[in-house]
Amino acid sequence: MDALPIARLQFATTTSFHFLFVLLTLGLVTLVAVMQTRSAFGGKPELTRMTRFWGKLYVINYALGIVTGIVMEFQFGLTWTGLSAVAGDVFGAPLAIETLVAFFAESTFLGLWIFGFGRLNKWVHLALIWLVTLTAYASALFIMVANSFLQNPVGTHVENGVLKLDDFGALFTNPALAMSLPHVLSAALMTGGFFVVGVSAYHFIKRTKEIEFFRRSMRIGVLTSLVGSTMVIGFGFAQFGPLGEYHPGKLETPDPLVGAPLGLMIQIGFVAFLASILGTLLLFRNWITKVRPLLYVMVLAIPLPFFAAISGWLVREIGRQPWLIRGRLTTADAVASIPAGQLLFSFIAFTLLFLVLAIADWVLMSRVAKRGPDPEEEAAPPRAELPVLSGV
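Looking at an unreviewed UniProt entry, one finds the protein chain named Cytochrome ubiquinol oxidase subunit I, with Amycolatopsis oliviviridis as its source organism. Regarding the protein chain, the UniProt comment filed under Subcellular location (unreviewed entry) reads as follows: "Cell membrane". UniProt lists a comment for the protein chain under the heading Sequence similarities (unreviewed entry), and it reads "Belongs to the cytochrome ubiquinol oxidase subunit 1 family."

Take a look at the structure:
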């Protein structure tokens, strides 16, 4: 039994699961920050309740996503020891900064925001959610800096078989990063927008009494979906040039493992874009909540951005093979000398763990989403467990 395919499949599974959490986290935190900003500047009471309701869903997804991120970090040192030996000094730097940003700064600000409802000055509280948002985006930046280094190892030289860093700034001006970072961020916006629209549509299907609440939510979600889908297509096609340069021959005569997800990603992207345009037109005509078949489509469309994002990630990662670091280190040379049986056991164990986390995330979020906003939560101070476990 060959250990390499198992190691690759294990890491692909880990990163894919983690990426699903990250997408929704980045998208939702942006929308929550916008809602709270509008509320702080004299918006209607529904905006404060919207901040709390969508904030709960964001916190649930964030908390469970942390676990998948921790497992992914461990796999670099346990399964891909060759990567650490050859490029640990370079590749590890942005990952270390990301860990500090994500697990210290972002978590600290988020904790203060969660327990600050009704206790902190509204401007301080507003500043906290924007700090959470900015640190979340900074985390995505450092992750993409590290990934782009694998695609195009700039700012380094080889010394005794080890990559040494010449210019730290070159990692941030990497051509492989220029379009891929905004592409990921816009995909997150589209994902968050589709999620808000889908949940709002569900409540209109159930003939909710919170008409103004979910009408405002849907309006924000539709406009965010339009902006996100427009940007994701633009930045996506802008990467075709660099992709052809970094992965020669992969796009002209694509491997089925690259061509299949690439075709799926493009098709879903255009469907999402057209759906966002249609939703925007219906929104301004005040028809969007009155066409019941369309409401069902909105609910069913929630997974579309996730499928598109995973497909795009597979194109980016599989297209680099057989290199782990393009031109410097092959995947076969990077994998640790671990018996295939042990890798298979850990792969099965981690996959089961991720399935449990994904199911738990879906169950918790669906319960909170279906229950809807608490009509009394604006006046009542939040309990310590409220943001994560309310409605379970």
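Okay, back to it.
**Student:** How do you make sense of the packing of helix α1 (residues 3-40) against helix α8 (residues 211-238) when you look at a structure like this?
**Tutor:** Helix packing geometry: the angle between the two helix axes and the distance between the axes. Here α1 crosses α8 at 130°, and the two axes come no closer than 11 Å. If you check the angle between α1 and α8, you find them oblique. Once α1 is placed against α8, the crossing between them reads as right-handed. Where α1 abuts α8, its residues L31, M35 and R38 lie against R216, I220 and T224. When its residues are assigned to classes, the contact of α1 with α8 shows 3 nonpolar, 1 polar and 2 charged.

**Student:** Explain a nonpolar patch on the surface to me, please; I cannot follow it from the model alone.
**Tutor:** A contiguous nonpolar patch, built from L344, I348, L352, L355 and I359 and spanning about 440 Å² of accessible area, is present on the exposed surface. Locating I359 in the fold gives a position in helix α14 (residues 340-371).

**Student:** Please clarify how the pattern of salt bridges should be interpreted in this entry.
**Tutor:** When the charged atoms of two side chains with opposite charge come close together, those side chains can pair. On inspection of all chains with the given rule, the structure shows 4 salt bridges. Here E212 makes a salt bridge to R215, at a shortest N to O gap of 3.6 Å. A residue pair is termed a helical-turn pair when its members lie 3 or 4 positions apart in one helix, as E212 and R215 do in helix α8 at 3 residues. The class for E212 is partly exposed, based on a relative accessible area of 29%. Residue R215 is classed as partly exposed on the basis of its relative accessible area of 31%. Residues R216 and E212 are paired through a salt bridge, measuring 2.9 Å at the closest nitrogen-oxygen approach.

Reading guide: rules and limits
Residues numbered from 1 in each chain as written. Predicted model: local features only at pLDDT ≥ 70, side-chain atom pairs only at ≥ 80, totals over all residues. Heavy atoms only, no water. UniProt positions renumbered as here; feature names shortened; annotations may be inferred. Axes fitted to C-alpha atoms, helices over the stretch in contact; angles between N-to-C directions. Helix = DSSP H or I, 4+ residues; strand = E, 2+ residues; numbered from the N terminus. Parallel < 35°, antiparallel > 145°, perpendicular 65-115°, else oblique. Left-handed = near helix turned anticlockwise from the far one by under 90°. Contact = heavy atoms within 4.5 Å. Nonpolar A, V, L, I, M, F, W, Y, C, P; charged D, E, K, R; others polar. Patch = residues over 30% accessible without salt bridge, like charges linked within 9 Å, V, L, I, M, F, W, Y side chains within 5 Å. Areas by Shrake-Rupley, 256 points an atom, 1.4 Å probe, with all protein chains shown as cover. Salt bridge = Lys/Arg side-chain N within 4 Å of Asp/Glu carboxyl O. Buried < 20%, exposed > 50% of the residue type's maximum accessible area, 1.4 Å probe, protein only.

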